[in-house]
Amino acid sequence: MTDLSDSSRPAAGSGDLAGRLAAWLEELGLADQLAAAGLPTYERDDDGTVRWTDPATGDPLTDERLAELDALLRSEGEDPTHAVPIALVRLRREGRVRAALLDGGWVDYAEVGRLRGISENAARFALHKAAERRAVLLVQDEGRTLVPAFQLDEQGQVRAELVAVLEPLLASGTDPWRTWAWLANPAALLGGAIPHEAARDPEELPLVQHAAVRLAERARPASR
């Protein structure tokens, strides 16, 4: 006779914790963020039964591990019933921000070379030398190097006024995606102005530089 209290049996079923947890994440729109967070994921059978899988082994998740996952996701806030998995919310937001940045414009080595009138290899070399000097923002995405277009002028050169803005941010070790997001979106430190646009105004440039330094100072402890 099988002991149903055995915590080693796989967790499944739409009416138990497996199903309730899946339904909760779906209601919050966060189910797609589980894999990105390195957490167990689930699938639904044809009959609606939810089956969770351990990402490390590919095996069905046990009741014990499922209970641990539930507790982890509900650990934010005083009342677990109304808690929200903050890490998954953050991942979803970052995913949306990245998608918006990609849509907003970037170029590759070849395009920079075309703008500068040099070869792709020469552009690659020049950009990486500039990155070593913290004079250009390069962002890695799925094996490719992106050059956010806002920082370049019509000749493919880094806008001179942005160099002093980029340097403290890049020196602080701030994640390149976050640096890109800050430069290309309304910033609270600038009263809602977009940093790279405000930097075009000579009167606003010192404020943008100061805001970049303050942001870099806040980022340094977290990057160590």
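Residues numbered from 1 in each chain as written. Predicted model: local features only at pLDDT ≥ 70, side-chain atom pairs only at ≥ 80, totals over all residues. Heavy atoms only, no water.

Q: Sorry if this is basic, but what is going on with the packing of aromatic side chains here?
A: The geometry of two aromatic rings is summed up by the distance between their centres and the angle between their planes. Evaluated as defined, the whole model comprises 2 aromatic pairs. With 4.8 Å between their ring centres and 50 degrees between their planes, Tyr 42 and Trp 52 make a pair best called tilted. In this pair, Tyr 42 is assigned in strand 1 (residues 41-44) and Trp 52 in strand 2 (residues 50-53), connecting sequence segments 10 residues apart. Comparing Tyr 42 with Trp 52, the two get one shared label, buried. (Phe/Tyr/Trp six-rings, centres within 6.5 Å; stacked < 30°, edge-to-face > 60°. Helix = DSSP H or I, 4+ residues; strand = E, 2+ residues; numbered from the N terminus. Buried < 20%, exposed > 50% of the residue type's maximum accessible area, 1.4 Å probe, protein only.)

Q: So what exactly am I meant to see when it comes to the pairing of strand 2 here?
A: For a regular strand, side-chain orientation follows a simple rule: the groups alternate between the two sheet faces. Alternating positions in strand 2 separate cleanly, Val 50 and Trp 52 being buried on one face and Arg 51 and Thr 53 remaining unburied on the opposite face. Sheet topology note: the strand 1/strand 2 ladder contains 4 bridges and is antiparallel. Pairing of Thr 41 across the sheet is with Thr 53, part of strand 2. (Pairing = 2+ DSSP bridges.)

Q: Is there a simple way to explain helix 5 (residues 120-132) in this structure?
A: An α-helical turn contains 3.6 residues, so any two residues separated by three or four positions project in the same direction. Here helix 5 spans 18 Å end to end across 13 residues, near enough to the 18 Å set by a 1.5 Å rise per residue. Inspection of helix 5 places Ala 123, Leu 127 and Ala 130 among the buried residues, and these make up the whole buried set. Summarising the axial view, the buried residues of helix 5 lie within an arc of 60 degrees, below the 170-degree limit, and thus occupy one face. Seen from the buried face of helix 5, the exposed residues on the opposite side, beyond 90 degrees, are Asn 121, Phe 125 and Glu 132. Among the structural elements, helix 4 (109-116) and strand 5 (144-148) are those in contact with the buried residues of helix 5. (Expected span 1.5 Å × (residues − 1). Arc of directions from axis to C-beta. Contact = heavy atoms within 4.5 Å.)

By themselves, these are just geometric observations and shouldn't be taken as functional.
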